[in-house]
Amino acid sequence: MNLPASLPPRARRRRGPRRKPVFAIAVTVVFFVLLYLPIAMVVLFSFNAQKSLTIFKGFSLRWYEAFFHDNVLLGSLGMSLEVSLVAMIGSVVLGVALALGLVRHKGRLGGYAGLIMMVPLITPEIVTGVASLLLFKGLGVTLDSGTVMIAEITFSISYVTVILRSRVAALNPEVEEAAMDLGATRWQALRLVTLPALLPAILASAVLIFALVFDDFVLAYFTTGVDPQPLAVRIYSAIRFGVEPTINAVGTLMLAGSITLIGLALAIPRLFGRRGGLDLISGE
Amino acid sequence: MTPTAATPAVRLDHVSKEFNGSHAVRDLELDIAAGEFFSLLGPSGCGKTTTLRMIGGFADPTEGAVLLSGEDVTALPPNKRNVNTVFQSYALFDHLSVADNIGFGLKRKGVPKPEIRERVGAMIDLVQLGGMAERKPRTLSGGQRQRVALARALVNRPAVLLLDEPLAALDLKLRRQMQVELKQIQREVGITFVFVTHDQDEALTMSDRVAVMNGGRVEQCGTPEDVYERPESRFVAAFMGTSNLVGGVYRDGTVQLEGGPALPVGRRPEIGEGSQVDVSIRPEKIWLSDFEPGMPVVNGVIRETVYSGPTTTYLIELAPGVTVAALEQNTARARMEDRWAGGETVELGYDPEHCLVLSH
């Protein structure tokens, strides 16, 4: 059949030649400029040869050098890395356990616990921060890196659990039964079969938590002691006494680190050969 | 094979299982002999999988005891029982290679590495997975995954192998092939197989004995021939393949259909005169020609002709609203033009022995 000739005019009608969606493009450009210009400025001026924060006068690594000779900032960096690492391990261990418990516990309690678990995700961080501070003060605990770790772990467990929960729910219960059928105890079945199956999601959530905690300011600000302070808090304090371009260098390094980590978190599931990758929100 | 005086491989002693107040399994009494291929057959929800899980240790009986080779294992967890399971989903360990999947149980038992390698290798050959040892389960086809699951269980040389609808996920052709292979493997290794299925063909083809389950009870337990040819209940008659059920009144060795003929069914002393009964007869037991001498013959009208390759099924009306199916083989001698058409009146012959009379 000769379709094109016999088609009714209605089917052939178009709204004229397609024009470029100028408005949409403009909005998109403005959006990205507003979003990334300040960050781009920080990166650019971290390589400035002069102290000026407004005029770029040639490329230099002097501010990076200055940072690596600044013992206070280095101390803060060390503390932030330490806090992030401990918070990552602590919240992953507890979060995975919570996810397993929430999915497997049959009964009303699991539902309530699941709801309560979501609360930290929607509570304004400043409320969590103030609450943690009041708690530590009330208990007479000295604020130091330990209190920051505890607060960060408390805050991060929910993220791990949210990511892991759907993965745990998607596990085939027969696989763990098969392990027990083949002579494994309950604990061995968990260690040899269930945790390996969850490994991609566990690693992804670990990297995410590390990045979130490393960058965190609010909770750290309320729960840290005086010396050393986490990097984010230290930078804030430093800025109050006048902005040094060293801060730009630190900011650029943090940015690079965060991008690497988030990239890693997204890439991990692919490295394990899972199709489609991992959605950080649903963990699927 | 029937259970001998020897200790049964599996004994279920008045086993019941309740879930939230409703019975999944009721007062089950079952002996499964060593070396037997035993099937639990029934529709979904009949309690067959629950029964299997209680033997495997994945479900605790509410009442009664599970005995394996005479030993009470009711309180033992799965890892302490000398049984292994082939799960319906196969439940393979995706992060382990085929060889490591199969060797998992031996490794847990602390079998020396060289022996593990040897036994895994032998098992890979048995289930015809040569060359797949280092592959990951995800890269295998459904049939191959099924073989891995079977090998993983068999390599432990359990006293009893439990199979939970292991062929359900395979396509028809592969399923037929695996049925034959499974049966061969079972003969080769001599291990007791307890096989759960809802497919009556599968149960008939493979089993030494079949227990037909319904509503948490065993309706009938016997050889495939027993349960197919001599069903003891309406349920078994209906579940084991197509069966005609015709209602009428029993009187003096016949069943009088309402508005139709009286069907001679032979003397049934256990049935009261004048009581309402159902007559059940299999479609392939009805003759449409070449009657034997002395065979009861009744008239009917062809209502439908259903051709399905090797056989043709006729739906024949005996009385208003009473239709039976009759199956004819399309053998070399049967020609197309010999087939009856709708509306024709035919004679149906049968042997009263093949009639099952069920009182209400």
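Predicted model, so just to flag it, every value in this text is computed and none were measured.

Notes on the interface of chain B and chain A
Then, in step 1: If you look at the interface, chain B gives 18 residues, while chain A gives 14 residues.
Then, in step 2: Within the residue set of the side of chain B that touches chain A, elements represented by two or more residues are strand E6 (83-86) and helix H2 (98-108) of chain B.
Then, in step 3: Looking at the side of chain B that touches chain A, the element that brings in the most residues is H2 of chain B, giving three residues.
Then, in step 4: Residue composition of the side of chain B that touches chain A, by class: seven nonpolar, eight polar and three charged.

A short note on the pairing of strand E9 (residues 209-214) of chain B
All names here are of chain B.
Then, in step 1: The element E9 is extensively covered by neighbouring structure, given that six of its six residues are classed as buried.
Then, in step 2: Alternating residues of E9 divide into Arg209, Ala211 and Met213 and Val210, Val212 and Asn214, and every residue in both groups is buried.
Then, in step 3: Two elements, strand E3 (residues 37-41) and E9, share four bridges in a ladder whose sense is parallel. Its bridge partner lying in E9, Ser39 is registered against Val210.
Then, in step 4: Note that E9 and strand E10 (residues 217-222) share five bridges and pair antiparallel. By the bridge assignment for E10, Val212 is matched with Gln220.
Then, in step 5: Here E9 hands over to E10 after two residues, with Gly215 in that stretch at a positive phi of 55 degrees.

Quick notes on the sheet that holds E10 of chain B
Residue and element names in this part refer to chain B.
Then, in step 1: Sheet architecture is open: six strands sit in the order E6-E7-E8-E3-E9-E10, paired in mixed fashion. Edge positions in the open sheet fall to E6 and E10, since each of these has one partner strand only. With strand direction ignored, the average angle separating the axes of adjacent strands in the sheet is 20 degrees.
Then, in step 2: Of the strand pairs in this sheet, strand E7 (residues 160-164) and strand E8 (residues 192-197) are connected by five bridges, and their pairing is parallel. By the bridge assignment for E8, Leu163 is matched with Phe195.
Then, in step 3: This element, helix H4 (residues 142-154), spans E6 and E7 of the sheet and lies at about 175 degrees to E6.

Quick notes on the domain arrangement of chain A
Residues and elements named next belong to chain A.
Then, in step 1: For chain A, the assigned domains are domain 1 (20-60) and domain 2 (67-271).
Then, in step 2: Measuring from the centre of the C-alpha atoms in domain 1 to the corresponding centre in domain 2 gives 31 Å.
Then, in step 3: Each partner contributes residues to the interface: domain 1 has eight residues there, and domain 2 has seven residues.
Then, in step 4: Along the lines of polarity and charge, the residues of the side of domain 1 that touches domain 2 split into five nonpolar, two polar and one charged.

Considerations on the UniProt feature "transmembrane region" (unreviewed entry) in chain A
Then, in step 1: This chain's UniProt record puts "transmembrane region" (unreviewed entry) on residues 21-47, 83-103, 115-136, 148-168, 189-214 and 247-268 of chain A.
Then, in step 2: The distance from the first to the last C-alpha atom of residues 148-168 of chain A is 29 Å, and the span holds 100% helix and 0% strand.

Notes on the nonpolar core
It is characteristic of soluble globular proteins that their nonpolar side chains tend to be buried jointly.
Then, in step 1: Ile102, Ala151, Leu161, Val194 and Ala211 of chain B are the most contacted members of the largest nonpolar core, which has 98 residues in total.
Then, in step 2: With six residues, the top contributor of residues to this core is H4 of chain B.
Then, in step 3: Residue contacts for Ala211 of chain B: discarding those within four places in its chain leaves Leu30, Leu40, Leu41, Val218 and Cys221 of chain B.
Then, in step 4: Listed in part, the 51 residues of the second largest apolar core include Phe155, Leu164, Leu231 and Ile235 of chain A.

Conventions used here
- Residues numbered from 1 in each chain as written.
- Chains lettered and ligands numbered in written order.
- Predicted model: local features only at pLDDT ≥ 70, side-chain atom pairs only at ≥ 80, totals over all residues.
- Contact = placed C-beta atoms within 7 Å.
- Helix = DSSP H or I, 4+ residues; strand = E, 2+ residues; numbered from the N terminus.
- Nonpolar A, V, L, I, M, F, W, Y, C, P; charged D, E, K, R; others polar.
- Buried ≥ 20, exposed ≤ 12 C-beta atoms within 10 Å, placed from the backbone.
- Pairing = 2+ DSSP bridges.
- Axes fitted to C-alpha atoms, helices over the stretch in contact; angles between N-to-C directions.
- Domains from an automatic or database assignment.
- UniProt positions renumbered as here; feature names shortened; annotations may be inferred.
- Core = buried A, V, L, I, M, F, W, Y, C linked by C-beta atoms within 7 Å.

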